[in-house]
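# Inside the fold
What follows is each chain in one-letter form.
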Amino acid sequence: MKSNKAIGTLWEYQFFTKALELGHGVYIPAGDNLPVDCVVGANGLLKRVQIKGTRRVQQDKKGFGRYKIIAGTGQSSKKPIDCDEVDIVAVYLSGADTWYIIPCEELGGKVSLWFYPDNLESKAKYEKYREAWGLI
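This report concerns the structure included in the present document. Owing to the predicted nature of the structure, the values given are computational and were not obtained by experimental measurement. (Residues numbered from 1 in each chain as written. Predicted model: local features only at pLDDT ≥ 70, side-chain atom pairs only at ≥ 80, totals over all residues. Heavy atoms only, no water.)

### Focus on the overall build of the protein
Secondary structure summary: the protein contains one helix and ten strands in total. Reading the protein from its N terminus to its C terminus gives the helix and strand order α-β-β-β-β-β-β-β-β-β-β. A compact globule built from 136 residues would reach a C-alpha radius of gyration of about 14 Å, and the protein, at 14 Å, matches this within 12%. Each principal axis of the C-alpha atoms in the protein carries an extent, and together these give about 45 × 35 × 30 Å. Across the 136 residues in the protein, those meeting the buried criterion constitute 40%. Sequence-distant contacts, at least 24 apart, represent 51% of the contacts inside the protein between residues at least 6 apart. If you sum the accessible surface of the protein, you get close to 8000 Å²; carbon and sulfur atoms cover 50% of it. Here the protein carries 19 positive and 16 negative side-chain charges, and the mean point of each set is 7 Å from the other. (Helix = DSSP H or I, 4+ residues; strand = E, 2+ residues; numbered from the N terminus. Rg over C-alpha atoms; globule rule 2.2 N^0.38 Å. Buried < 20%, exposed > 50% of the residue type's maximum accessible area, 1.4 Å probe, protein only. Contact = heavy atoms within 4.5 Å. Areas by Shrake-Rupley, 256 points an atom, 1.4 Å probe, with all protein chains shown as cover. Lys, Arg positive; Asp, Glu negative; His and termini not counted. Charge placed at Lys NZ, Arg CZ, Asp CG, Glu CD.)

In structure tokens, the structure reads:
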């Protein structure tokens, strides 16, 4: 099994590929100690993007798959993402092959985020950002 670092890199490159396919410029900073994984350009605007993902799925009470993302930074991942440094949090759920493109401010300082892509009737907070590539 690949390491978490290798899987994270794979998801980053999947994001880069999708953004490029949609006609966006993708700028990748040197180093992996920065608050952003890339900067994406479209229509003269630049968005700083942090990419998160998971391959772990759990079952909710109705039997639908649900996914938990830790959207934190630092050694223990307990510190919320600083929205002064990040504009968009791109979340990839590998089991559902689904992206969520979320404006950083929408996280409201939360570190644990839940997603329900298998439940088409879900009213979860982040569902409106499913495949919301137009936000870039």
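### Some details on the nonpolar core
Counting 18 residues, the largest nonpolar core has Phe-15, Cys-38, Val-49, Ile-51, Ala-90, Trp-99 and Ile-101 as its most contacted members. Secondary-structure elements contributing two or more residues to this core are helix 1 (4-21), strand 2 (38-42), strand 3 (45-54), strand 8 (88-93) and strand 9 (98-103). In terms of residues, this core owes the most to one element, helix 1, which gives five residues. The residues touching Ile-101, leaving out its near neighbours within four places in the chain, are Phe-15, Ile-88, Val-89, Ala-90, Tyr-129, Ala-132, Trp-133, Leu-135 and Ile-136. Of all hydrophobic cores here, the second largest spans 17 residues; its members include Tyr-67, Ile-69, Val-89 and Tyr-129. (Core = buried A, V, L, I, M, F, W, Y, C linked by side-chain atoms within 4.5 Å.)

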